There are 2 protein chains.
Amino acid sequence: MKEMREKETAAVAETDKAQIEAELGKNPELAARVRHQMRVIRQGAEELIGAEELERKIARSILTGRPLIVKFGMDPSAPDIHLGHAVPLRKLRQMQDMGHTIVIVIGDFTAKIGDPTGKSKGRKAMTEQEVFVNAQTYQEQIFRILDREKTRVHFNGEWLELLNLNEVLQLASTVTVARMLERDDFQNRFRSGVPIGLHEFFYPLMQAYDSVELGADLELGGTDQTFNILMGRQLQRDKEQEPQAALFMPLLEGTDGTEKMSKSLGNYIGISEDARTMFTKVMQVPDSLIVKYFELATDILPEELDKVKEDLADGCNPRDCKLVLARTITALYHSPENTAEAEQFFRQAFTKKEVPDQAQILEVVLESGTLFDCIRPLVNAGIVESGAQFRRLIAQGGVQKNGVRVERPEEPVKSGDVLRVGKRRFVQVKMC
Amino acid sequence: MKEMREKETAAVAETDKAQIEAELGKNPELAARVRHQMRVIRQGAEELIGAEELERKIARSILTGRPLIVKFGMDPSAPDIHLGHAVPLRKLRQMQDMGHTIVIVIGDFTAKIGDPTGKSKGRKAMTEQEVFVNAQTYQEQIFRILDREKTRVHFNGEWLELLNLNEVLQLASTVTVARMLERDDFQNRFRSGVPIGLHEFFYPLMQAYDSVELGADLELGGTDQTFNILMGRQLQRDKEQEPQAALFMPLLEGTDGTEKMSKSLGNYIGISEDARTMFTKVMQVPDSLIVKYFELATDILPEELDKVKEDLADGCNPRDCKLVLARTITALYHSPENTAEAEQFFRQAFTKKEVPDQAQILEVVLESGTLFDCIRPLVNAGIVESGAQFRRLIAQGGVQKNGVRVERPEEPVKSGDVLRVGKRRFVQVKMC
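Please read all numbers here as calculations on a predicted model, not as lab measurements.

## Here we look at the packing of aromatic side chains
Phase 1 of the analysis: As enumerated under the stated definition, the model contains six aromatic pairs over all chains in all.
Phase 2 of the analysis: Seen from their ring centres, F202 of chain A and F202 of chain B are 5.7 Å apart, and the 85° between their planes marks the pair as edge-to-face. Here the residue F202 of chain A occupies a position in helix α11 (residues 202–214), and F202 of chain B occupies one in helix α11 (residues 202–214), the pair thus bridging two chains. Like F202 of chain A, the residue F202 of chain B is buried in the burial classification.
Phase 3 of the analysis: Look at F279 of chain B and F346 of chain B: their rings are 5.7 Å apart centre to centre, the planes differ by 45°, and that puts the pair in the tilted class. Of this pair, F279 of chain B sits in helix α13 (residues 275–284) while F346 of chain B sits in helix α17 (residues 336–349), placing them 67 residues apart in sequence.
Phase 4 of the analysis: In this structure, R183 of chain A is placed above the aromatic ring of F186 of chain A, and the distance from its NZ or CZ to the ring centre is 4.2 Å.
Phase 5 of the analysis: When the ring centre of Y268 of chain B is taken as reference, the NZ or CZ atom of K281 of chain B above it lies at 4.4 Å.

Below, the structure is given as structure tokens:
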């Protein structure tokens, strides 16, 4: 019986496939639109699995006017979103701009369970209240990138809380123990004798089940999600759905140009940072990453990216390219006025030959709401050791604020200000 | 917090332990009763795990008058119960006779799920109706052994159907993947690349959960249940219950004396068979198994068993011992009159020197409700090939029925009759 149904489904899919391909053959405009969407989707991506199916899905979506369902999962652990987190979100935004529907799945069910063994600190159980607050914070941030109108937000508890043991066992029966142990982290732990709780095998399965519930056409994630997202494809096939395509976005390096962007490494650009800080931080990114940042941190179209690549190849000044990059990124999160002001500020604070690299700018965080003189950030940065030394520096004209010589020791600082001591040492002030 | 509670529980258990041991020290009658119960429980058993705890539980049960909860699980696959199946049931009966409560857990939940992959034929899903009918059939049979008044029957669906995903994950988190793969059959399949469905890992867990639900003090099972029953101990500990003791009964060989008793091997003694058949079949058991049959197939007391062993060591005739055995077993399932009649029948059908062994008695099954002459079973057994040959045999006095010479070819047979042809060939008739 099941086999018969599978054959029928396959037959229907086969007809559908043939029809769409015939349509693509005789309709060059349709073909061009599909090619364009595929190019936008692929830009900057690490890997796309199920590309052929996705092409057909896009063609069908154009023909029927029915948007694709694009799924993206998040843990409600309330991060401050930075440009690294924003990489998949920007890709989602690009798909929204092409008319598709984004479904954000907030893993509240998983978060509330945490790790029942209490062994993993990363999986601390969260209360209903914590999940709610974090989900709110997260949504405020993602809607700086996504179009609220074309976004559906779901909590996976909506359907997972309803599953009973019988249904859980049906779900578990779709996968083998050996297949689960293929996942890299499970495999490594199993081989080296590090315990794997049986419940951990359910996290990929639950994520896969989310795809079935949503009838997802495409799931987006980091490369660390490969196993889980592919399990979604398998489970959808088992449930006789068309399997979702899987799009993996790479990790973005931070402003140091080497490590993955991360708050704890201090090499991050937060999407909520003020325009001046954002602009300055982008200017610190090494030249070698200009193209990657255009690809992953902006919504630049494939044709425009080709132009940037050409310019760089033609020997244009990387600093000019980077000014375009900084302007483009800052404008995504700030008004045109603030972006222009940030650029002006930057040009004044750092003259042409003195763009400092990451290693030379120290960030000093001060408590907001208090007024500070410029001695404080310099003391905190370890550059100045006494009031006498500071006054001597001022008298010698050795301290600048935002490119202007500081004349008096009690000169105040505000968030975003850049202090420069001597030729090479920069301190940027951040209030929070 | 959890750790604190564990310490407290351990402390309470420790006090309880000290109290009971003090009581046992100063109360020799209590100690003797505990020793007796332990001896009865241990008789014939393959292994007892948690013996020390069990001793304390028994002592506490005697002191408080609160019976132990003894758990026994069954699959509702409706077997005709034979003396092999009866081994654990008899042990349960002995525990009832010492005042304890037996809980039969019918695995309806598992039976109704079957194997969702459909790959295992042994795990075919059963309907509600099938489970119900089989459970009825099973209960009719077990109450030929157990005391209905001291038996509780539960279906594990009562509690398993109520579990939701959250609770399932809590349950799964109590065990590691590596621990599951220690179970022999899983290990062998994993090593040889035979797929293990993830749902299969739940069968031991569900059985363990049953023990928690019941607060079982002791679980009984075959040695093939070792892993699952020990998992019950672990889960009870996790849930801060006193872990159940685990009693494993060996498999009983059939009347051929070599293979495990089984209907398909034809070496079985069904508990619903008539007294004559039962008595005769027991008499066919090889001498080497007399003690084992006394141990596992009767409710003989340890002291009486010692006597049997002594008699056999003192060179008493095994046939006499076996007559006692056949009488004892038959009387467990039949009235004293029928048992006496069966013995008389046996003594008449098989004279002293002619007790046939298993290989010499052929069982021929005829349809009940029809009248048959004695030629039919002999033809079916392949001993007689024609009416002429049969009449010749009769005329020569070469055919006996139940030890009496058959005079005419149309002599009728009924169930239990034993026909003998020549010196060595026996055919026993069974109608069903």
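## Section: the sheet that holds strand β1 (residues 47–49) of chain B
Residues and elements named next belong to chain B.
Phase 1 of the analysis: Within the open sheet, the six strands sit side by side as β1-β6-β5-β2-β3-β4. Their pairing is mixed. The open sheet has two edge strands, β1 and β4 (151–155), and neither has a second partner. On average, each strand axis in the sheet is tilted by 20° relative to the strand beside it, whichever way the strands run.
Phase 2 of the analysis: The pairing of strand β2 (residues 69–74) with strand β3 (residues 101–106) spans six bridges and is classified as parallel. Residue pairing for β3: K71 is matched across the bridge by V103.
Phase 3 of the analysis: Helix α12 (residues 226–238) contacts β1, β5 (218–222) and β6 (245–249) of the sheet and is inclined by roughly 165° relative to β6.

## Some words on the packing of helix α13 (residues 275–284) of chain A against helix α17 (residues 336–349) of chain A
A pair of packed helices is characterised by two quantities: the angle between their axes and the separation of those axes.
All names here are of chain A.
Phase 1 of the analysis: Contact geometry for α13 and α17: axes closest at 8 Å, N-to-C directions at 55°. With respect to α17, the element α13 is oriented oblique. Handedness of the α13/α17 crossing: right-handed. Here A275, R276, F279, T280 and M283 of α13 come into contact with α17, specifically with N338, T339, E341, A342, E343, F345 and F346.
Phase 2 of the analysis: Broken down by class, the residue content of the contact of α13 with α17 amounts to six nonpolar, three polar and three charged.

## Details of the relation of the copies chain A and chain B
Phase 1 of the analysis: Superposing chain A onto chain B takes a rotation of 179° plus a shift of 0.1 Å along the axis, which leaves an RMSD of 0.3 Å. With respect to symmetry, the two chain copies, as superposed, fit the operation of a two-fold axis. Residue N164 of chain A, judged by its C-alpha, is the member of chain A lying nearest the rotation axis, at 2.0 Å.
Phase 2 of the analysis: Residue by residue, 100% of the interface of chain A is reproduced at the interface of chain B, so both copies engage with the same surface.

## Structural notes on the side chain of H100 of chain B
Residue and element names in this part refer to chain B.
Phase 1 of the analysis: Here H100 lies in the loop between α4 (83–97) and β3.
Phase 2 of the analysis: The exposure class assigned to H100 is buried, which follows from its relative accessible area of 3%.
Phase 3 of the analysis: At 2.8 Å, the side chain of H100 forms a polar contact with the side chain of Q37.
Phase 4 of the analysis: Not counting the four nearest positions on each side in its chain, H100 is found in contact with Q37, S61, P67, L68, V70, M95 and K150.

## Describing the interface of chain A and chain B
Phase 1 of the analysis: Between chain A and chain B, the contact holds 31 residues from the first and 31 residues from the second.
Phase 2 of the analysis: Both faces considered, chain A and chain B share a buried interface measuring about 2600 Å² in area, 82% of it formed by carbon and sulfur atoms.
Phase 3 of the analysis: If you look at where chain A meets chain B, you find zero salt bridges.
Phase 4 of the analysis: Here chain A and chain B share six residue pairs in polar contact (both at pLDDT 80 or more) between them.
Phase 5 of the analysis: Of all elements in the fold, only α5 (108–113), α8 (165–172), α9 (177–180) and α11 of chain A reach the threshold of two or more residues within the side of chain A that touches chain B.
Phase 6 of the analysis: Sort the elements by how many residues they give to the side of chain A that touches chain B and α8 of chain A lands first, with six residues.
Phase 7 of the analysis: For the side of chain A that touches chain B, the class distribution of residues is 22 nonpolar, eight polar and one charged.

The rules we used
- Throughout this document, residue positions are counted from 1 along each chain, in the order its sequence is written.
- Chains carry letters and ligands carry numbers; both start at the beginning, A for chains and 1 for ligands, and go up in the order they are written.
- Under the rules for a predicted model, residues below a pLDDT of 70 receive no local features and side-chain atom pairs below 80 are neither given nor counted, while totals for whole chains, interfaces and linings still include all residues.
- Excluding hydrogens and water, the side-chain values take into account all heavy atoms of the structure.
- Working definition: rings of Phe, Tyr and Trp (its six-membered ring) pair if their centres are within 6.5 Å, and the pair is stacked with planes under 30 degrees apart, edge-to-face with planes over 60 apart, and tilted otherwise.
- Helical segments are the DSSP runs of H or I of at least four residues, strand segments are the runs of E of at least two, and each set is numbered from the N terminus.
- In this scheme, a residue with accessible area under 20% of its type's maximum is buried, one over 50% is exposed, and one in between is partly exposed, where area comes from a 1.4 Å probe on protein chains only.
- For a ring to carry a charge above it, either NZ of a lysine or CZ of an arginine must fall within 6 Å of the ring centroid while also lying within 35 degrees of the normal to the ring plane.
- For two strands to pair, DSSP has to find at least two bridges joining them.
- Interaxial angles span 0 to 180 degrees and are taken between N-to-C directions of axes, which are lines fitted to C-alpha atoms, for helices over the stretch in contact.
- The contact criterion used throughout is that any non-hydrogen atoms of two residues lie within 4.5 Å.
- An angle below 35 degrees is read as roughly parallel, one above 145 as roughly antiparallel, one from 65 to 115 as roughly perpendicular, and any other as oblique.
- Here a crossing is taken to be left-handed if its near helix is turned anticlockwise relative to the far helix by less than a right angle, and right-handed if that turn runs clockwise.
- Amino acids outside the nonpolar list (Ala, Val, Leu, Ile, Met, Phe, Trp, Tyr, Cys, Pro) and the charged list (Asp, Glu, Lys, Arg) are all regarded as polar, and Gly is one of them.
- The copies were overlaid by least squares, fitting only the C-alpha atoms of residues that reach a pLDDT of 70 or more in each copy.
- We call two N or O atoms a polar contact when they sit within 3.5 Å, provided that within protein one can donate a hydrogen and the other can accept it, with sequence-adjacent residues counted only if both atoms are side-chain atoms.
- Here the buried area means the combined drop in accessible surface, using a 1.4 Å probe, for two parts upon being joined, counting both sides.
- By convention in these notes, a salt bridge is any Lys or Arg side-chain nitrogen within 4 Å of a carboxyl oxygen on Asp or Glu.

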